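Observations on chain architecture
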Amino acid sequence: QVQLVESGGGLVQAGRSLTLSCAASRSIFSINTMGWYRQAPGKQRELVAGITSGRITNYADSVKGRFTISRDNAKNTVYLQMNSLKPEDTAVYYCNVRLPDGYYWGQGTQVTVSS
């Protein structure tokens, strides 16, 4: 099991940047797949970015070139650097990890981008 706590959300103007953090309650060194998802009002939750233990990354087309996912195993933390934010990036952002016994989610952090 693992507990995940996201932080770093907030209200920003379009074009600005935010960095989200996801702190895990245990070592993430052996966790292969970690990711960030988001859910906007009235929409389904969608994958934003993922990273493997080998630091292979993947991104949703809508955020490629603007968002960067990274992980710091020493700090048990996954980050999402978000640049050039757009109003359509407004959503609750969730951290996710996949363990042998299932998927785990954080409580989410709200990101609101004003135009």
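Residues numbered from 1 in each chain as written. Predicted model: local features only at pLDDT ≥ 70, side-chain atom pairs only at ≥ 80, totals over all residues. Heavy atoms only, no water.

1. Concerning the environment of Val 48
Structurally, the position occupied by Val 48 is in strand β5 (residues 46–51). With a relative accessible area of 1%, Val 48 lands in the buried category. Along the chain, Val 48 and Ser 84 lie 36 residues apart, while their C-alpha atoms are 15 Å from each other. Setting aside residues no more than four positions away along its own chain, Val 48 makes contact with Trp 36, Tyr 37, Arg 38, Asn 58, Tyr 59, Ala 60, Val 63, Phe 67, Leu 80 and Tyr 93. (Helix = DSSP H or I, 4+ residues; strand = E, 2+ residues; numbered from the N terminus. Buried < 20%, exposed > 50% of the residue type's maximum accessible area, 1.4 Å probe, protein only. Contact = heavy atoms within 4.5 Å.)

2. Points about the packing of aromatic side chains
In this structure the tally under the stated criterion is two aromatic pairs. Considering the side-chain rings of Tyr 37 and Trp 105, the 4.9 Å spacing of their centres and the 70° angle between planes classify their relative orientation as edge-to-face. Taken together, the positions of Tyr 37 in strand β4 (residues 33–39) and Trp 105 in strand β10 (residues 102–105) put the pair 68 residues apart, joining distant regions of the chain. Their ring planes at 90° and their centres at 6.4 Å tell us that Tyr 94 and Trp 105 sit as a pair that is edge-to-face. With a gap of eleven residues between them, Tyr 94 in strand β9 (residues 91–99) and Trp 105 in strand β10 connect regions that are remote in the sequence. The exposure class of Tyr 94 is buried, given its relative accessible area of 13%. The exposure class of Trp 105 is partly exposed, given its relative accessible area of 36%. Counting every residue linked through ring pairs, the aromatic cluster contains Tyr 37, Tyr 94 and Trp 105. (Phe/Tyr/Trp six-rings, centres within 6.5 Å; stacked < 30°, edge-to-face > 60°.)

3. Points about the pattern of salt bridges
Two side chains with opposite charge may pair up if their charged atoms get near one another. Applying the stated criterion across every chain, the model contains four salt bridges. Put simply, Asp 89 and Arg 66 hold a salt bridge, and the shortest N to O gap is 2.8 Å. Of this pair, Asp 89 sits in the loop between β8 (77–82) and β9 while Arg 66 sits in the loop between β6 (57–59) and β7 (67–72), placing them 23 residues apart in sequence. According to the relative accessible area criterion, Asp 89 is buried, its value standing at 1%. Several salt bridges converge on common partners, so that one network encompasses Arg 38, Glu 46, Arg 66 and Asp 89. (Salt bridge = Lys/Arg side-chain N within 4 Å of Asp/Glu carboxyl O.)

4. Examining the nonpolar core
Of all hydrophobic cores here, the largest spans 31 residues; its most connected members are Trp 36, Leu 80, Met 82 and Tyr 93. For this core, the elements supplying multiple residues, two or more each, are β3 (18–24), β4, β5, β7, β8, β9 and β11 (109–114). With sequence-adjacent residues up to four places away left out, Met 82 is seen in contact with Arg 16, Ser 17, Leu 18, Leu 20, Arg 66, Phe 67, Tyr 93 and Val 111. (Core = buried A, V, L, I, M, F, W, Y, C linked by side-chain atoms within 4.5 Å.)

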